[in-house]
Amino acid sequence: MAEQRLLVVDDDNDICLLLSRFLEKRGYVVNTAGRKTAALALLKEHRFDLILCDHRLPDADSLEMLNHFREAAPGVPVIVITGYSDVRIAVELMRKGAHDYVVKPLYPDDIVLRIEDALAHHKDSEELRKPAADRKQQPAGGSPGFVQGTGTFAK
């Protein structure tokens with residue numbers, strides 16, 4: 001399996017550094033950006049499997065960034081990170097397409113679980129979007145070995 005590439009967008013350099021080191025040790029390729037403009041430039045250069053984005057950036061907020069991400073990287077899961085716990089914002093972000101919403105402080109094990117969940121969910125939804133002929137299918141009738149119309153299993 002190819003390495004999975006993550007984009008971390010946060011204006012706090014310490015968060016970017018800590019997340020990138022931690023996630024790289026777990027086998028991810030990580031790019032970081034501290035502003036909207038830098039994130040959009042990276043999205044033009046690379047294909048990302050997941051984006052972690054701070055809610056408040058110097059030149060945008062996560063609601064605006066979600067629109068940019070949908071345009072530049074359709075279908076890529078986005079996890080929003082924030083220092084502000086606000087249910088209304090969380091609901092709005094999820095409604096706009098964020099996969100998850102995490103309140104700081106970040107806990108390493110928790111963030112990895114959320115990333116793995118988002119990547120697995122994304123992989124499952126990509127599989128469902130494939131044409132039926134491309135998906136791995138069971139024989140007609142359901143269970144492997146079942147002979148349609150006979151009510152018996154093939155030997």
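Caption draft 1: Examining the pairing of strand S6 (residues 78–82) more closely. Burial within S6 is extensive, with five of its five residues counted as buried. Residues Val78, Val80 and Thr82 line one face of S6 and the alternating positions Ile79 and Ile81 line the opposite face, and both faces are buried. By the bridge criterion, four bridges tie strand S3 (residues 50–54) to S6 in an arrangement that is parallel. Bridge pairing in S6 links Ile51 to Val78. You can see the chain leave S6, run along helix H4 (residues 87–95) and come back into strand S7 (residues 100–103), and the turn it takes is right-handed.

Caption draft 2: Structural detail: the environment of Ser85. For Ser85, the position within the fold is in the loop between S6 and H4. Taking relative accessible area as the criterion, Ser85 reaches 64% and is therefore assigned exposed. Ser85 sits 17 residues away from Val102 along the chain, and the two C-alpha atoms are 8.7 Å apart. In contact with Ser85, other than residues within four places in its own chain, are Tyr101 and Val103.

Caption draft 3: Up close: the nonpolar core. Core analysis: the largest hydrophobic core is formed by 22 residues, its most contacted members being Leu7, Val9, Leu43, Ile51, Cys53, Met65 and Phe69. Put simply, the parts of the chain that give this core at least two residues each are strand S1 (5–9), helix H2 (36–45), S3, helix H3 (62–72), S6 and H4. Residues within four places of Leu7 in sequence aside, it is in contact with Asn31, Thr32, Ala39, Leu42, Leu43, Phe48, Leu50, Ile51 and Leu52. Grouped together as the second largest cluster of nonpolar side chains are 19 residues, Leu6, Ile15, Leu50 and Leu52 included.

Caption draft 4: Region of the structure containing the environment of Tyr84. Inspection of the secondary structure puts Tyr84 in the loop between S6 and H4. On a C-alpha basis, the gap between Tyr84 and Val102 in space is 9.6 Å, while along the polypeptide they are 18 residues apart. Non-local contacts of Tyr84, meaning those with residues more than four positions away in its chain, are made with Arg56 and Tyr101.

Caption draft 5: Region of the structure containing the sheet that holds S3. Here we have five strands laid out as an open sheet, ordered S2-S1-S3-S6-S7, and parallel in their pairing. Looking along the sheet, the strands with just one partner apiece sit at the ends: strand S2 (29–33) and S7. Along the sheet, successive strands turn relative to each other by an average axial angle of 20°, direction set aside. In terms of strand pairing, S6 meets S7 through four bridges, oriented parallel. Bridging across to S7, Val80 finds its partner in Tyr101. Along the sheet face, H3 touches S1, S3 and S6 and points at about 155° away from the line of S3. Sitting on the sheet, H4 touches S6 and S7, and the angle it makes with S7 is about 150°.

Thresholds applied
Residues numbered from 1 in each chain as written. Predicted model: local features only at pLDDT ≥ 70, side-chain atom pairs only at ≥ 80, totals over all residues. Heavy atoms only, no water. Buried < 20%, exposed > 50% of the residue type's maximum accessible area, 1.4 Å probe, protein only. Helix = DSSP H or I, 4+ residues; strand = E, 2+ residues; numbered from the N terminus. Pairing = 2+ DSSP bridges. Right-handed = clockwise from strand over helix to strand, strands pointing away. Contact = heavy atoms within 4.5 Å. Core = buried A, V, L, I, M, F, W, Y, C linked by side-chain atoms within 4.5 Å. Axes fitted to C-alpha atoms, helices over the stretch in contact; angles between N-to-C directions.

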